[in-house]
Structures are given as structure tokens and as C-alpha cells.
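# Report on the structure
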Amino acid sequence: MRNIVVATHGHCFDGLCSAVMFTRLMKHVHPGEELSFTYKGQGYGPGLNGVDPALLTGDDNAILDYRFSTSPKLTWYFDHHVSAFATNEERLGYEAGAKETGARHMFHDGGYGSCTKLIADIGRQRFGLAVDDPHVQELVRWADMIDSAAFPDAEMAVLKTEPVLHLMTVVENKGNDAFLQAMVPRLLDESIEELAKSKEVEEAYRPLAAQQESFVALVKQHGVVRGNTVLVDLSDAVIDAAAKFVTYALWPDSAYSVLVTRSTSKIKISIGYNPWSPEARTHNIAAICERHGGGGHPVVGAISLPVGDVAKAKGLARSIADELAT
């Protein structure tokens, strides 16, 4: 029995789909061998400085869609975040691992819209993985659309009439270790649409839909337009379910958004560029987030602060909104 530990971005649709694609790859790389998979959802926040090396206990250990680790136990790495390497030591560790020709396989490409597509492409090109199955193609298509915000318009992302967007919302709110352990095997056999329409997913989505209707109303009430940027500070209350892209639907001419939310464990400053904006992007959001201990992509990123740092978060959000608006 080969034990494989998969540490993937938790509470993230691309993290879930990446785990599915990587599992397919490992089954292809080890044909006929009995494999056991353990999935661990990883998050960002105060005190979360990457994958705990103690989790990497498998014969193979993978990190997907998440920050790099210099642990010598790491044997597979796939990521597309430009902020994957928090230190120069991590970058050098990745570069050394990527040059190895033995049991370690390291792949990073910040030009990809999703980690799922990166794994699919590398799997096909380097290992001969078949990715022409319609279920696989739909998995990649949805992961790429959602993680790169390549929706036709903001209304599709906010109204969520598509069942897969119901699944996306459930993953973002419920996507812990147990959820991944249950759902990844199902997506090896079921299509993403079939899982999205399942009774379990629809029952989990129903209360989240109601919460997000309230969230949209809060954003509309508290949003402040500062030039081409919308600043929304919701840190005065605990928010259980935050929806993406709401500012772009409410203020379609805006170029950027800065959203402050507070949960029971952290304060999060979410920063994004409106992909439907008539104005071209002039700021690298990942670089802005990295200056304050966060990260992400050039078009979207986030910063997490301790839950007690409300005043600091408010001031930082205003400062970033002013920077984006210039």
C-alpha cells in the first residue's frame, strides 16, 4: 500500500479540483498499485506559515494550489500563485527541487488561471495522463473559470444560477479535511455537474444562499466609492458567508475593490481587480498583498490579520484603496 498525503488549498474550489486531478495523476503514475490518499485542507491567516511538515507522513507528499514548503519530505508540488514563495529560501528550495530528476516533481507557473489546469497540462505533457474524458475537461473548465474569474459577467458569479456555483459556495464554506476526503473520490467517478446537483450539495447550499443575500445587502449599504475603487468595510460584525464579485455587480464601472470582513478567527482584507471593468489594470495586487504579509495573483489577493486588529485592518484597507485609486 502506497500512502499519499495531499495538502491542498482548503475552502477553495480550485483546491478541491486540484486534489481530484492530482489523484488521477497518481493513479496513472502508479498503475495496478494499491494507493491510499489522505487530503488535508490548508488555509491562510495569522500564524499560518505554510504546511506543517508534521502532516507530510506519506510515501508521497504533495502540496497543491498553496505556498511552497522546503520540507525534504515534499515529493510533488503544483501551484500557480505568484506569491507561492514567501522567502528567498523557499524560492531557492523550489528551484533546486524542480531541477531534480529523481522522486521529486516540482511545478510552478504563475501564468495559469488555475492549479487544476496546470496539473492537467503537466500530467498530459510529462506523464502521458489522458485528459480528454468529458468529465475531466469539465472539471478543468470550471476550475479555470472560477479561479480566474473568467465569467461572462459579474451577474453570473453573484446570482449563481448554475449548480456548479452552488458547489463552489459550499466548498468555500465547508471545504475542510473531512469534506475533501468525502468529495475527491466522488469526483473521480461523478461529473462536476452531477456532484453539484446532488442532494447533499443542494441541502448545504440552501442556508448559504440566504446568508449571501444578506451579504449583498450589507455590501450595498456600506460600499464607498473612492475614485475607481470601491471600499467596503464590514469589520464591525462577524460575517459567516462572504460572496465574491458583489462589488463588481453593484458598481460595474469600478476597477478595484477592497473588502474588509471579520470572522471568528481572523480579519480578512480581500483586494481585487474587476475583470469586467472598462479600465485597464495598473496595479499588481499580489505585490500589494505581499507587502503586508498576504499574497495572491496580480488580479486578486488577500491579507489576513488577527481578529483583534480591527483598527489596523480599517486603516490598512483605506490606505490600499487610496493607493489603487491613484
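Use the structure listed above.
Let me sum up the structure you'll find in this document. Since we're looking at a predicted model, the values are computed, not measured.

## Section: the packing of aromatic side chains
- Per the stated rule, a full pass over the model turns up 18 aromatic pairs.
- Ring centres of Phe-68 and Tyr-77 lie 5.0 Å apart, and the angle between their planes is 85°; this geometry places the pair in the edge-to-face category. Each of the two residues, Phe-68 as well as Tyr-77, counts as buried.
- Between the aromatic rings of Trp-76 and Phe-127, the centroid separation amounts to 5.5 Å while the plane-to-plane angle is 50°, which identifies the pairing as tilted. Of the two residues, Trp-76 is situated in strand β4 (residues 76-79) and Phe-127 in helix α3 (residues 115-127); the sequence distance between them amounts to 51 residues.
- You can call Trp-76 buried: its relative accessible area is 2%.
- Pairwise contacts between aromatic rings join Phe-22, Trp-76, Phe-78, Phe-107 and Phe-127 into one cluster.

## Details of the nonpolar core
- The biggest cluster of nonpolar side chains holds 58 residues, and the ones touching the most others in it are Phe-13, Phe-22, Phe-78 and Trp-142.
- Setting aside anything within four residues of it in sequence, one finds Phe-13 in contact with Trp-142, Ala-143, Ile-146, Val-164, Leu-167, Met-168, Val-171 and Ile-192.

## Side note on helix α1 (residues 13-29)
- The first and last C-alpha atoms of α1 sit 24 Å apart over 17 residues, in line with the 24 Å expected at 1.5 Å per residue.
- Among the 17 residues of α1, 13 are classified as buried, and the element is accordingly described as predominantly covered.

## Section: the pattern of salt bridges
- If you walk through the whole model with that rule in mind, you get 14 salt bridges.
- The shortest N-O distance in the salt bridge between Glu-33 and Arg-2 comes to 3.1 Å. A residue pair is termed long-range when its members are at least 10 positions apart, and Glu-33 in the loop between α1 and β2 (35-42) and Arg-2 in strand β1 (residues 2-9) qualify at 31 residues.
- Glu-33 sits in the partly exposed class, given a relative accessible area of 36%.

## Structural notes on the side chain of His-283
- Counting through the fold element by element, His-283 comes out in the loop between β9 (266-273) and α11 (285-290).
- At 3.4 Å, the side chain of His-283 and the backbone oxygen of Glu-323 are in polar contact.
- Residue contacts for His-283: discarding those within four places in its chain leaves Tyr-256, Ile-288, Pro-298, Glu-323, Leu-324 and Thr-326.

## Points about the sheet that holds strand β8 (residues 256-262)
- If you trace the 6 strands from one edge of the open sheet to the other, you get β6-β7-β8-β9-β11-β10, paired in mixed fashion. The sheet terminates laterally at β6 (223-226) and β10 (295-296), the two strands that pair on one side only.
- Pairing geometry for β9 and strand β11 (residues 300-306), over 7 bridges, is antiparallel. Note on β11: the bridge partner recorded for Lys-266 is Pro-306.

## Some words on the pairing of strand β3 (residues 60-64)
- Among the 5 residues of β3, 5 are classified as buried, and the element is accordingly described as predominantly covered.
- Along β3, one buried face is formed by Asp-60, Ala-62 and Leu-64 and the opposite face, lined by Asn-61 and Ile-63, is buried too.
- Both β1 and β3 contribute to a ladder of 5 bridges, which runs parallel. Across the sheet, the residue bridging to Val-6 is Ala-62, located in β3.
- Bridge count between β3 and β4: 3 bridges; the pairing is parallel. Within the sheet, the bridge partner assigned to Ile-63 lies in β4 and is Tyr-77.

## Thoughts on empty space enclosed by the protein
- Inspection of every chain in the model, using the stated rule, returns 1 cavity of 30 Å³ or more.
- By volume, the largest cavity is sized at about 40 Å³.
- In this structure, the largest cavity is lined by Val-20, Arg-24, His-135, Val-136, Leu-139, Leu-187, Glu-190 and Ile-192.
- When residues of the lining of the largest cavity are assigned to their parent elements, the largest contribution, 3 residues, is made by helix α4 (residues 134-147).
- A per-class count over the lining of the largest cavity returns 5 nonpolar, 1 polar and 2 charged.

## Digging into unusual backbone geometry
- The backbone of Asp-65 sits at a positive phi, close to 55°, despite the residue not being glycine.
- Tracing the chain through its elements places Asp-65 in the loop between β3 and β4.
- Residue Asp-65 is classed as buried on the basis of its relative accessible area, which comes to 0%.
- One non-glycine residue, Phe-245, lies in positive phi territory at about 70°.
- Tracing the backbone through its elements, the reader meets Phe-245 in the loop between β7 (229-238) and α10 (246-250).

Analysis parameters
- Residues numbered from 1 in each chain as written.
- Predicted model: local features only at pLDDT ≥ 70, side-chain atom pairs only at ≥ 80, totals over all residues.
- Heavy atoms only, no water.
- Phe/Tyr/Trp six-rings, centres within 6.5 Å; stacked < 30°, edge-to-face > 60°.
- Buried < 20%, exposed > 50% of the residue type's maximum accessible area, 1.4 Å probe, protein only.
- Helix = DSSP H or I, 4+ residues; strand = E, 2+ residues; numbered from the N terminus.
- Core = buried A, V, L, I, M, F, W, Y, C linked by side-chain atoms within 4.5 Å.
- Contact = heavy atoms within 4.5 Å.
- Expected span 1.5 Å × (residues − 1).
- Salt bridge = Lys/Arg side-chain N within 4 Å of Asp/Glu carboxyl O.
- Polar contact = N/O pair within 3.5 Å; in protein donor to acceptor, adjacent residues only side chain to side chain.
- Pairing = 2+ DSSP bridges.
- 1 Å grid on protein atoms, 1.4 Å probe; cavity = no way out; pocket = protein on both sides within 12 Å on 5 of 7 lines; lining within 4 Å.
- Points joined across faces, edges and corners; volume = space filled by probe spheres on them.
- Nonpolar A, V, L, I, M, F, W, Y, C, P; charged D, E, K, R; others polar.

Read these as geometric descriptors, not functional statements.
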